Each structure stands twice: as structure tokens, then as C-alpha cells.
Amino acid sequence: MQNRPQITRVVLENYKSIAFCDVKLGPLAVLVGPNGAGKSNFLDALRFLSEAMNNPVERAFQTRGGFSSVLRRGTPPEAHLGMRIDFVTSDGNTGRYSVRFSRGSELDYMIEREKCSIDGRGGFDLRHGARYADNQLLDLPGTTEPPHFRAVWNLLSNCQFYNFSSKDFRQPVPKDWIGAGTSR
């Protein structure tokens, strides 16, 4: 069986209700916890990153009410929003992608730093510590050199999420479904 790319770790800082989390993931991840624990916000952070890979970052913020609505409430003005994703590529290399946003003056936000590295193939800072004329797009999607960074973009931009509603599980099962598909 061919190796599949996989997100192995997610680190979030100041994303909505999450002050900080560091979650290691396996091939199948199931989030379970009490209401208000941050499960939905954890998934939304991954959705945000996936959307930002495919569209201007501003759109990903706007669909969530703007940068101020995404940044954790009560953070000081100099606070930032950070995301780091560790992964394994289909060829078995491990790597890390991170992005950090802060409050901006012209836009609601500023892309403060963006980094990507793949073990055994090197890495580079996509952005570092300065304001950019094109602050709307992440650099990773446009990365064609070196070409192995395209695999990282493919992994992050094609994330899929399944949300199950416990309310749906409480519904009665129709009689005609009981025993359907079983043989005796």
C-alpha cells in the first residue's frame, strides 16, 4: 500500500477560544470532549489554513468575522495568532509548516512570518519579520521551487473534515433499516 501524506501534529496559539494547544495526530483522529473545550475551533483552524492555501487570506478571515474575531479574546495588542503543522509526505519525509499573523495597520491583519521545511530536503523562510506589499496571499501556494514543497501545499489545501451531530444519532432507526444488508 502506498504511503499517504499525513498531518502528525497541530500547534495553535490564540485561535478563537484556544490560548495554546499542541495535539499529536495519528492516521485517524477523533476529537472528544465536553462542550466549550475547543474541538470545533481546533477543526476550524485546520479549515482556515486549508481555505487560506486556496484563496486570499483575507477571505478566510472575513468568513469568520475578521482577524479580531479569530484572535483569542482578551489578548494584548501585540499578541499574534500562530499555527504550526507537522506532517509526513507520501515519500516518507517529515516536515513542518508554520504561519504567524499579527494585527496590521492597513489591513486587519499582517502575515508576520511563514516557514516551511522538509527534513532531508532543506527548508526556507517564506517570509520573515517584515511587511509585504502582497500581504493577501500565503507564499506556500505559489512555491514551485523547490518542487517538493508542492506536496505540502497539496496536503494542507485538500484537508477534509467530517462533523457528526450527536443529535442525529439520537433519532430512531426506521424499521426497514434494521437487518438491511445482512444475510442469514
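Remember, it's a predicted structure, so these values are computed and weren't measured experimentally.

### Description of a nonpolar patch on the surface
Among the surface-exposed residues, Leu28, Val30 and Val32 lie close enough to one another that they form a single nonpolar patch of about 380 Å² accessible area. Within the secondary structure layout, Val30 lies in the loop between strand E2 (18–24) and helix H1 (39–54). By relative accessible area, Val30 is classed as exposed at 62%.

### Overview of the packing of aromatic side chains
Within this structure, the stated rule accounts for 7 aromatic pairs. When the centroid spacing of 4.8 Å and the interplanar angle of 45° are considered together, the rings of Phe61 and Tyr109 count as tilted. Taken together, the positions of Phe61 in helix H2 (residues 57–62) and Tyr109 in strand E5 (residues 109–118) put the pair 48 residues apart, joining distant regions of the chain. An aromatic cluster is built from Tyr15, Phe48, Phe61, Phe67, Phe101 and Tyr109, whose rings are joined through pairwise contacts. Note that Arg150 overlies the ring of Trp153, its terminal NZ or CZ placed 4.4 Å from the centroid.

### Observations regarding H1
Here H1 is 16 residues long and its end C-alpha atoms lie 23 Å apart, about the 22 Å a rise of 1.5 Å per residue gives. Residues of H1 that are buried in the fold lie against strand E1 (6–15), E2, H2, strand E3 (80–88), strand E4 (94–103) and helix H4 (149–157).

### Details of the environment of Asn158
In this structure, Asn158 sits in the loop between H4 and helix H5 (166–169). Assessed through its relative accessible area of 52%, Asn158 is described here as exposed. Remark: the alpha-carbon pair of Asn158 and Arg47, spanning 111 residues in sequence, is separated by 9.5 Å. There is a polar contact of 2.9 Å between the side chain of Asn158 and the backbone oxygen of Asn154.

### Topic: the confidence of the model for the protein
Looking at the protein as a whole, its pLDDT mean stands at 82, while 79% of the residues score no less than 70. Across residues 129–134, confidence stays below pLDDT 50; counting only partners more than four residues off in sequence or on other chains, it has 9 contacts.

### What about the packing of H1 against H4?
Put simply, H1 and H4 touch, their axes get as near as 8 Å, and they point 125° apart. As far as their axial angle goes, H4 and H1 are oblique. Together, Leu49, Ser50, Met53 and Asn54 of H1 and Trp153, Leu156 and Ser157 of H4 make up the contact between the two elements. Considering only residue class, the contact of H1 with H4 consists of 4 nonpolar, 3 polar and no charged.

### Quick look at the pairing of E4
With 9 bridges connecting them, E3 and E4 associate as antiparallel partners. Along E4, the bridge assignment pairs Arg84 with Ser98. The hairpin turn running from E3 into E4, its antiparallel successor, is 5 residues long, and Gly92 in that turn takes a positive phi close to 90°. The sheet contact formed by E4 and E5 spans 9 bridges and is antiparallel. When the bridges of E5 are listed, Phe101 appears paired with Ile111.

Rules behind the numbers
Residues numbered from 1 in each chain as written. Predicted model: local features only at pLDDT ≥ 70, side-chain atom pairs only at ≥ 80, totals over all residues. Heavy atoms only, no water. Patch = residues over 30% accessible without salt bridge, like charges linked within 9 Å, V, L, I, M, F, W, Y side chains within 5 Å. Areas by Shrake-Rupley, 256 points an atom, 1.4 Å probe, with all protein chains shown as cover. Salt bridge = Lys/Arg side-chain N within 4 Å of Asp/Glu carboxyl O. Helix = DSSP H or I, 4+ residues; strand = E, 2+ residues; numbered from the N terminus. Buried < 20%, exposed > 50% of the residue type's maximum accessible area, 1.4 Å probe, protein only. Phe/Tyr/Trp six-rings, centres within 6.5 Å; stacked < 30°, edge-to-face > 60°. Lys NZ or Arg CZ within 6 Å of the ring centre and 35° of its normal. Expected span 1.5 Å × (residues − 1). Contact = heavy atoms within 4.5 Å. Polar contact = N/O pair within 3.5 Å; in protein donor to acceptor, adjacent residues only side chain to side chain. pLDDT = per-residue confidence, 0-100. Axes fitted to C-alpha atoms, helices over the stretch in contact; angles between N-to-C directions. Parallel < 35°, antiparallel > 145°, perpendicular 65-115°, else oblique. Nonpolar A, V, L, I, M, F, W, Y, C, P; charged D, E, K, R; others polar. Pairing = 2+ DSSP bridges.

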